[in-house]
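Commentary on secondary and tertiary structure
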Amino acid sequence: MLFVGARRIGPAPALGGFLEPAHGVWALERGRTGDANASAQVPGLGAEVEVVYDDRAVPHIFAATESDAIRALGYVVARDRQFQLYAQTMAASGRLSELGGRAALGLDREMRDADLMRAADRRTAQSAADTSRVARLVRAYADGVNAYRATMPASAMPLEFRLLGVTPPQWTVRDSYLLFGRMGWTLASIATETSRAAAAARVGSAAAAGLFPDAYPIVEPIQPNGQTAPRIDRVALAPPGAPDTSAVLLAAAPSVFMPSLASTDNADEPRQFASNNWAVAPSRSANGHALLAGDPHLDLTLPSIWYEVHLVVPGVLDVYGVTIPGLPSVVIGFNRDVAWTFTNTGADVADFYAEQVDDLAHPTRYRVDGVWRTLDRHIEQYRGRRGEVLATDTTYSTHRGPMRRVRDRWLSMRWTVLEGKPSEFEAFYQAGTVRSAAAFEAAMGGNYLAPAQNMLAADRGGHIAIQSTGRFPLRQGDGSGAVVRDGSLSASDWTGSLPVARYPHSLDPAQGYLASANQQPIDPRTTNDWWGGSYDPWRALRINALLRADSSVTVDDMRRFQTDGGSSRAELFAPAFVRASRRVLARGGAGVDRPRLARAESLLTRWNMRYAADDEGPVLFEAAMRELTDRTWDELTDEGSRSRRTVTPSAGVLAALLADSTNIWWDDRSTAPREDRDDILTASLAAALESVESKYGRAGARWRWSTIRHANINHLLRVPALSALDVPVTGSIGTLSPSAGAGTHGASWRMVVDLGPKVRAWTVYPGGQSGDPASTHYRDRIEAWRRGELSEVRYPASPAALTGSARAGTLRLVPTGAR
């Protein structure tokens, strides 16, 4: 299957003997990533650029100007990741059907319907006549990519282009903006409000409000609130009521606008687009320096979504970190004074509007304040592998954004990602030059609009800071975005944006550390601003617990925390299973398989609630959590099905429900007696043991965690021989290195930085610098990543500082005509 961004899109080309070891791909020229000295002429360079590759295949780009550095960045990225640039552009522009045929039409339509292309066109138009730094550098990057493409020898044509029978196209400024927009789509958060609507359509609005509350019940916010332990707020759960038919429209919206992001049938197996970051102040570090760690959790692919690089312009820029191939800047990294990293905010930044149109079947106009406005209409053609037209659609847009038909109504969507400006790249450029954590937050707060991120920074002065940054809409009334608004009224539009001064933030908190891991950004008791969104507290609970317990954190501790196997989720639920089992076993009674329950209770009691590779406890616990979820939320299942739910409340709501042992939601509708909490917990645990033993036999090697939990790092074309499959990992849902579902998402990059007098850093990602499967640098970092090991980076101040075995090769880029 063709495979882009962890989504299958159709059959891959027949490979035959192309992958046989003695010839085929393995007989092609070996990887070009820094393996030898070379030189090339690059149009537009103002002076020679020296690119020194180190022993980890990281290019250190030494240039005289920023434009030359970014032009060289485009060149080396194209040299190492040419096919990845192409594949990402095809995915973001909705053209995968040209590779995968009709099987890709669904994804292509989703991209075109999301209006990402027109948003990229607007940004491109804004920058076309712009002489600002950001416009100049984005153009320089495109020129660098195309300079390599124009001179690439036939022997260096990436394997994937040969398999598909295509050639690399020109890279454009629009492609960079399009890629940035697709990242916003990847990180979109639309689950809570639409999940609440889906629940309301089944059990009524009052019940749904408790099942999907605006304020997450487990409170461990990004902005410290002075508490020394997490807080679990009581959730008022109204009993199931009559379906609210008015909620159907909002419930159906995600499946029309963002279908691949809208799955709500199993919240315990979420899309793992998560992330962790934390920083420790000098007062709590062993060496008296500020320390920072970051690991964004995204698609695991070969080649990796990240590319490691170092850019140097004397007196101007000296920044190290990772870029996403196609983006003309370092995204996460550090300079000689400051380090930074991001996590996804998860706030609600997209709203839906019910539009009044002139023709339900073929609209041409929509009404606002009694005045008809003309719809923007676009004809979208989707072509197949041979250029044939597979489908033709008409898409519509209002002044708010894309408009789609949802059941018997037309909805438009306003989304901050579609309204971003080229200033996001300016924010990244500024980040590379700032000298303090506070300056970093100020640069991002003033320029960065979307996608909304929690931006953490630390500096050599010993300061640590965090801020939720992006654009957060202000709305009339209570400010809630959890409704479909009346599009016929301009009063329904956003009234502005939240001032930066009200963003969740913290600088040098008294507790001596900061952490974000996709939990809610601010304690709901301390703000009147509406954040909405989708939040995950479990990793935040764990990292805060580790940091509270250690007042002398070392660099190695920071690294170890990134793959820590402890689970706050297990620490809350596993004892609940044990306590309930002991109570039920003590009181006796019918309907309980006492021997099985006793055996399950004994196994779970012995478990230390860590996800170790050779442990049996996690297998039983995860099975018990699935059973508990199925039995508790049976009111939300389709008729005749126990596990196929319309929507699933979060495990945080389930945790809050543990405090109310007789709540009606514990009752299993399929049985005559009314069950309470302990009945459901014990039935779930016993059933879990039965299912695990049925599948794996009695406790032993066959159901150790390492035998069932793997990472799958797929090649973009999903060719097994070019992928890294069934990589054993620790971790599960809610651990600091999360793993769930098919194992195709996880820690895509890990970084630890010591902000001492001399900045030092350690990094790893699951892949390699080269996109060439024949290169020794294609997957050379995977084993270290699996073991949780990081390598110290080379951070030379000049080309001459990289010597001996640390220096693998030099690429000399000179202006056209120079020798």
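Before reading further, recall that the structure is shown in the block above.
Attention in this report is confined to the structure presented alongside it. Model, not experiment: these values are computed from the prediction. (Residues numbered from 1 in each chain as written. Predicted model: local features only at pLDDT ≥ 70, side-chain atom pairs only at ≥ 80, totals over all residues. Heavy atoms only, no water.)

Of all hydrophobic cores here, the largest spans 185 residues; its most connected members are Phe 334, Trp 415, Phe 440, Phe 573, Phe 577, Phe 621 and Leu 813. Among the elements that make up this core, the one with the highest residue count is helix H1 (residues 66–92) (10 residues). With near-sequence residues (within four places) excluded, Trp 415 lies in contact with Ala 114, Leu 116, Gly 184, Trp 185, Ala 188, Met 258, Val 349, Ala 350 and Trp 494. (Core = buried A, V, L, I, M, F, W, Y, C linked by side-chain atoms within 4.5 Å. Buried < 20%, exposed > 50% of the residue type's maximum accessible area, 1.4 Å probe, protein only. Helix = DSSP H or I, 4+ residues; strand = E, 2+ residues; numbered from the N terminus. Contact = heavy atoms within 4.5 Å.)

For the rest of this paragraph, the subject is the packing of helix H15 (residues 568–587) against helix H16 (residues 594–606). Here H15 crosses H16 at 145 degrees, and the two axes come no closer than 10 Å. In the crossing of H15 with H16, the sense of the turn from one axis to the other is left-handed. The residues of H16 that touch H15, namely those facing Ala 574, Phe 577, Val 578, Ser 581, Arg 582, Val 584 and Leu 585, are Arg 594, Leu 597, Ala 598, Glu 601, Leu 604 and Thr 605. Here the contact of H15 with H16 is built from residues that sort into eight nonpolar, two polar and three charged. (Axes fitted to C-alpha atoms, helices over the stretch in contact; angles between N-to-C directions. Left-handed = near helix turned anticlockwise from the far one by under 90°. Nonpolar A, V, L, I, M, F, W, Y, C, P; charged D, E, K, R; others polar.)

This brings us to the side chain of Thr 345. Counting through the fold element by element, Thr 345 comes out in the loop between strand S14 (338–344) and strand S15 (350–355). A polar contact of 3.1 Å, which involves the side chain of Thr 345, links it to the backbone nitrogen of Gln 453. Among all residues touching Thr 345, those that are not within four sequence positions of it are Ala 452, Gln 453, Asn 454, Ser 468, Phe 472 and Tyr 535. (Polar contact = N/O pair within 3.5 Å; in protein donor to acceptor, adjacent residues only side chain to side chain.)

The next point concerns the packing of aromatic side chains. Applying the stated criterion across every chain, the model contains 26 aromatic pairs. Consider the rings of Tyr 177 and Phe 425, whose centres lie 5.5 Å apart with planes at 25 degrees: the pair is stacked. Within this pair, whereas Tyr 177 is found in helix H7 (residues 173–186), its partner Phe 425 is found in helix H11 (residues 423–431), the two being separated by 248 residues in sequence. Between Trp 278 and Phe 561 the ring centres are 6.4 Å apart and the planes differ by 50 degrees, which places this aromatic pair in the tilted class. One end of the pair, Trp 278, is in strand S8 (residues 275–280); the other, Phe 561, is in helix H14 (residues 555–562), and 283 residues separate them in sequence. The pair formed by Trp 278 and Phe 561 is uniform in burial state, with each residue classed as buried. When the ring centre of Tyr 795 is taken as reference, the NZ or CZ atom of Arg 336 above it lies at 3.5 Å. Over the aromatic face of Tyr 353 sits the side chain of Arg 400, whose NZ or CZ is 4.6 Å from the ring centroid. (Phe/Tyr/Trp six-rings, centres within 6.5 Å; stacked < 30°, edge-to-face > 60°. Lys NZ or Arg CZ within 6 Å of the ring centre and 35° of its normal.)

One open sheet holds the six strands; their spatial order is S18-S19-S20-S21-S15-S25, and the pairing between them is mixed. Of all the strands in the sheet, the pair left with one neighbour each is strand S18 (376–383) and strand S25 (484–486). Adjacent strand axes in the sheet meet at a mean angle of 40 degrees, parallel and antiparallel pairs treated alike. Here strand S19 (residues 389–397) runs beside strand S20 (residues 402–406); their pairing, made up of two bridges, is antiparallel. When the bridges of S20 are listed, Tyr 396 appears paired with Met 403. (Pairing = 2+ DSSP bridges.)

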